[in-house]
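These are the residues of each chain, in order.
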Amino acid sequence: MSTFRKSIYALMLLFFVQGCIPAQTVTQEPPAAATFAPLPATSTPLPTPTLIPAQTEIPPTPQPEVILTVTKGNLYIRRGPGLPYNQIGVLREGESIRIIGQDVLSRWVQVQMPNSQNAGWVSVMTDFTRVDGDLNSVPNFTFTDWFKPAFIKNCTEHDLVVEPGDHYLYNLYTNSLTLNEVQVDPGSYTVHDMFLPGAPEIQRVEVREGMTVYITVNGLGVSHNCP
């Protein structure tokens, strides 16, 4: 056998032997748990809080007062803005009072009554008052508490005249409200008998809202009920 053939056989035998050796089982160890070094503690300072100043409320600028002064005689303070309302007070000549409102439908102003929390109304349409200040700065409103009408009725057999106002009341025989009855403003009145000479005063009456005052005795002292 030649040397070349022997070499070929040796190599084939070597390959055969290596194919018969069982494969080795390789056991892989699990990786070690990772360890981390703790991070160094760091202290970050918080920002300094910014204080927001409280909002300052600016109070409204007060309006200058508007003052009413009585310049002549005395002046009634009434419950509402008009003569048909009851009198609830009196302002004497020279007295002053603060105006707190005005009626949009008339030239009457609302005033703070002296030494009281109540308010009343006076007219600024007369020569008896003076207003100091800007009346346009006073609040406007409409007074809706309407007055209650008052009347004086003649129940006698004589014709009468009621003063002030020169109201002529015919006797009861006219049997007509338009002739022997008159609507008046609250206040004081005197009644005169036109049947007698000189038309003497026979009665004084005080009239308030919602009243009807009946005149039942004439100047001769004769009484008669109203029909």
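So, here's what we can say about the structure. All chains use their own residue numbering, which begins from 1 and follows the written sequence. Under the rules for a predicted model, residues below a pLDDT of 70 receive no local features and side-chain atom pairs below 80 are neither given nor counted, while totals for whole chains, interfaces and linings still include all residues. Processing note: side-chain calculations cover all non-hydrogen atoms of the structure and skip hydrogens and water entirely.

1. Here's the deal with unusual backbone geometry
Inference 1: Note the cis peptide between Glu163 and Pro164, where omega equals 0 degrees.
Inference 2: Positive phi values are uncommon outside glycine, yet Ala199 reaches one of about 45 degrees.
Inference 3: Going along the chain from the N terminus, every DSSP run of H or I of four or more residues is numbered as a helix, and every run of E of two or more is numbered as a strand. Among the structural elements, Ala199 can be located in the loop between strand S13 (187–193) and strand S14 (201–207).

2. Structural notes on the sheet that holds strand S15 (residues 212–215)
Remark on secondary structure: sheet strands pair via backbone hydrogen bonds, oriented parallel or antiparallel.
Inference 1: With respect to topology, three strands assemble into an open sheet ordered S12-S9-S15, the strand pairing being mixed. Each edge of the sheet is formed by a strand with only one pairing partner; in this case those strands are strand S12 (181–184) and S15. On average, each strand axis in the sheet is inclined to that of its neighbour by 20 degrees, with strand direction left out of account.
Inference 2: DSSP bridges decide pairing: two strands pair if at least two such bridges lie between them. Both strand S9 (residues 150–154) and S12 contribute to a ladder of four bridges, which runs antiparallel. For Ala150, the partnering residue across the bridge sits in S12 and is Val184. Where helices are involved, their axes are fitted lines through C-alpha atoms of the stretch in contact, as for all axes, and angles between N-to-C directions lie from 0 to 180°.

3. A word on the sheet that holds S14
Inference 1: The strand order S11-S10-S13-S14 describes an open sheet built from four strands, whose pairing is antiparallel. Sheet topology places strand S11 (167–169) and S14 at the edges, where each strand pairs with a single neighbour. Strand after strand, the sheet turns through a mean of 25 degrees between neighbouring axes, direction not considered.
Inference 2: Sheet topology places strand S10 (residues 160–163) next to S13; four bridges connect them, and they run antiparallel. From the neighbouring strand, Val161 faces S13, where its bridge partner is His192.

4. As for the state of the cysteines
Inference 1: By definition, disulfides here are pairs of cysteine sulfur atoms that lie within 2.5 Å. What the rule picks out here adds up to one disulfide.
Inference 2: The partner cysteine of Cys155 in its disulfide is Cys226, sulfur to sulfur 1.2 Å. The sign of the S-S torsion, about 50 degrees, decides the handedness of the disulfide formed by Cys155 and Cys226: right-handed. Of this pair, Cys155 sits in the loop between S9 and S10 while Cys226 sits in the segment after S15, and the two are 71 residues apart along the sequence.
Inference 3: Accessibility expressed as a relative area gives 26% for Cys226, which makes it partly exposed. Here's how the labels work: a residue is buried when its accessible area is under 20% of the maximum for its type, exposed when over 50%, partly exposed in between, all with a 1.4 Å probe on protein chains only.

5. Looking at the nonpolar core
Inference 1: Nine residue types can take part in a nonpolar core, namely buried Ala, Val, Leu, Ile, Met, Phe, Trp, Tyr and Cys, and a core is a set of them joined through side-chain atoms within 4.5 Å. Leu68, Ile77, Leu91, Ile99, Val109, Val111 and Val122 are the most contacted members of the largest nonpolar core, which has 15 residues in total.
Inference 2: Those elements giving two or more residues to this core turn out to be strand S1 (66–70), strand S2 (75–78), strand S4 (96–103) and strand S5 (108–112).
Inference 3: The dominant element in this core, judged by the number of residues it contributes, is S1, at three residues.
Inference 4: Core analysis: the next-biggest nonpolar cluster, separate from the first, contains 13 residues, Ala150, Leu169, Val191 and Val205 among them.

6. What to know about the packing of aromatic side chains
Inference 1: Two rings belonging to Phe, Tyr or Trp (six-membered ring only in the last case) form a pair when the distance between their centres is within 6.5 Å. Interplanar angles under 30 degrees mark stacking, angles over 60 mark edge-to-face geometry, and anything in between is tilted. On inspection of all chains with the given rule, the structure shows five aromatic pairs.
Inference 2: Seen from their ring centres, Tyr85 and Phe147 are 5.8 Å apart, and the 80 degrees between their planes marks the pair as edge-to-face. Residue Tyr85 is located in the loop between S2 and strand S3 (87–91), and its partner Phe147 is located in the loop between strand S8 (140–141) and S9; the two are separated by 62 residues in the primary sequence.
Inference 3: Of the residues examined, Tyr85 reaches a relative accessible area of 4% and is grouped as buried.
Inference 4: Phe147 gets classed as partly exposed once you look at its relative accessible area, which sits at 32%.
Inference 5: The interplanar angle of 65 degrees and the centroid separation of 5.5 Å between the aromatic rings of Trp121 and Phe141 together place this pair among those described as edge-to-face. With Trp121 in strand S6 (residues 119–123) and Phe141 in strand S8, the pair connects residues that are 20 residues apart, well separated along the chain.

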